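# A look at the structure
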Amino acid sequence: MNFNRAVIKVGSALVAPDNNGCSGKYILAIARFITECQQAGKEIIIVSSGSVAAGRQLIKHGSPIPSIPTKQAMASVGQMKMMANWQRFFDVPCSQLLITHGDLKDRQRYINIKNTLRILLENGVIPIVNENDTVATDELKVGDNDNLAALVALVSEADCLFILSDIDGLYDQDPRENPKANLLPEIHEITAEIYAMAGTTNNVIATGGMRTKIQAADKAVENGIETYILNGSRSEVFQQILKGENPGTHFSAKQAATKARKHWLKHTLKSSGKVYLDKGAVHAVIHQGASLLPSGVSQVDGDFVAGESVDIIDAHSKKAIAKGICQYSQRDLLRIMGCNSDDIITLLGCCPSKVIIHRDDMVVL
Ligand SMILES: Nc1ncnc2c1ncn2[C@@H]1O[C@H](COP(=O)(O)OP(=O)(O)O)[C@@H](O)[C@H]1O
Ligand SMILES: N[C@@H](CCC(=O)OP(=O)(O)O)C(=O)O
């Protein structure tokens, strides 16, 4: 179990099996696995499907494939059932995050999600994420929870992604169509041939099938996140994972997650401004690996919003010493620079974060 923080994606067929609403049939074993991971000091975030499946019997619908508003109504009532069902199996508190692609695209909302997840995990809470189906239109949707889970793994800086489905892993063709299909245990490179092996789902309550799982794995491994597709309906799978075995399909990460993230921060993110630090703050950032506090900021340049990347400059030498994602806009930063973190609330009327740049969001150059 070589990971510290994992996202576990659980498909509809596991949450609400047999067309009969939510049950503990499969999630009991999944919850036990999560508890064992937590007891081993690991942090877990769940991305759970199943709200539509859980609400299916509670909303009248004529055709086997309901209309979008009918599905949204099912999701609305089913989400409550689904969350209550998860909470039954944990002694620690669970929390609900309903997000859309629109939230992940917006820098301010992105860091709000990131900060919330960070605090929930620090407090031993199990965050349970789903797409906000009732408000999401096509343009704002991720569309499937496999890709959503990969995005959640990125925003939460997880180093492992488990995609739990009703099938043992990726086969060279859909095993429901062809019983001679072979399971592929290790994938080192996600090529067009790998995509060609993936079919869609034949389950009316599911979205995506294997294709979206490969897309998710693709996003994750590029960013240093080890990814597994596993059969969450077989409880022995979790014992195997706990022993370090691979009972499904493993997609190997291209590089370590922290290295990938630092590389992304350093080379891909474009800086939109400059934050100048006094001597004490330069020392704390470079030698103590500290987060940047408002008290250490002496000057701000540029025009940036919260969540954008900035260059961190030594005010004395005028040299760039680091780069990082700023929790505040340039406008707000000008008002709180040089102050104590406890004064942010008085100066701005709110305090989304006591630090200006969190050390996890910073790369020293
Ligand atoms: N190459 C493949 N290997 C494995 N499963 C496949 C493949 N192609 C299509 N599938 C189908 O994908 C299904 C899993 O996707 P889906 O029903 O969307 O699950 P979930 O609800 O867990 O996301 C399997 O039950 C299987 O029928
Ligand atoms: N957000 C939807 C799930 C969408 C989805 O991707 O479903 P699945 O293919 O079962 O993971 C729901 O909660 O019903």
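Computed from a prediction, not measured in an experiment: that's the story for all the values here. (Residues numbered from 1 in each chain as written. Chains lettered and ligands numbered in written order. Predicted model: local features only at pLDDT ≥ 70, side-chain atom pairs only at ≥ 80, totals over all residues. Heavy atoms only, no water.)

Strand order in the open sheet made by the five strands is β10-β9-β11-β12-β13, with mixed pairing throughout. Each of the sheet's edge strands pairs with one partner strand only, and the pair in question is β10 (297-302) and β13 (362-364). On average, adjacent strands in this sheet sit at an angle of 25° to one another, irrespective of strand direction. (Pairing = 2+ DSSP bridges. Helix = DSSP H or I, 4+ residues; strand = E, 2+ residues; numbered from the N terminus. Axes fitted to C-alpha atoms, helices over the stretch in contact; angles between N-to-C directions.)

Residues annotated by UniProt as "domain: PUA" (unreviewed entry) correspond here to residues 273-357. Across residues 273-357, helical content stands at 25% and strand content at 27%; the span's end C-alpha atoms are separated by 13 Å. (UniProt positions renumbered as here; feature names shortened; annotations may be inferred.)

Atomic detail in the predicted coordinates should be set aside for any region of low pLDDT. Of the residues in the protein chain, 97% have a pLDDT of 70 or more, and the chain-wide mean is 93. On the interface metric, ipTM, the complex scores 0.97, and its pTM is 0.85. (pLDDT = per-residue confidence, 0-100.)

Moving on to the side chain of R118. Relative to the assigned elements, R118 resides in helix α6 (residues 107-122). Filtering out sequence-adjacent residues up to four positions away, R118 remains in contact with Q327, H358, D360 and D361. (Contact = heavy atoms within 4.5 Å.)

Residues of helix α12 (residues 279-287) that are buried: A281, V282, A284 and V285. Taken end-on, α12 shows its buried residues confined to a sector of 165°, consistent with a single buried face. Away from its buried face, by an angle of more than 90 degrees, α12 presents the exposed residues K279 and H287. The elements touched by buried residues of α12 are β9 (271-277), β11 (309-314), β12 (320-325) and β13. Positive phi appears at G289, one or two residues downstream of α12, with a value of about 60°. (Buried < 20%, exposed > 50% of the residue type's maximum accessible area, 1.4 Å probe, protein only. Arc of directions from axis to C-beta.)

A separate point is the sheet that holds strand β3 (residues 94-99). Read from one edge to the other, the open sheet built from eight strands follows the order β3-β4-β2-β1-β5-β7-β8-β6, with strand pairing classed as mixed. The outermost strands of the open sheet, each flanked by one partner alone, are β3 and β6 (186-187). Pairing geometry for strand β1 (residues 5-10) and strand β2 (residues 43-48), over six bridges, is parallel. Bridged to I8 within β2 is I46. Contacts between helix α4 (residues 68-88) and the sheet are confined to β1, β2, β3 and β4 (126-131), with β3 contributing the most and set at about 150° to the helix.

Now for the packing of aromatic side chains. Within this structure, the stated rule accounts for five aromatic pairs. Measuring from ring centre to ring centre gives 5.4 Å for F162 and Y228, while their planes differ by 25°; the resulting arrangement is stacked. Placement of F162 in strand β5 (residues 160-165) and of Y228 in strand β7 (residues 226-231) is noted, with a sequence separation of 66 residues between them. By relative accessible area, F162 is classed as buried at 2%. (Phe/Tyr/Trp six-rings, centres within 6.5 Å; stacked < 30°, edge-to-face > 60°.)

With six of six residues buried, β4 is to be regarded as a mostly interior element. Neither face of β4 is open: one carries I126, I128 and N130, the other P127, V129 and E131, and all of them are buried. Across two bridges, β2 lies against β4 in parallel orientation. Each residue of the ladder has a partner; that of V47, found in β4, is V129.

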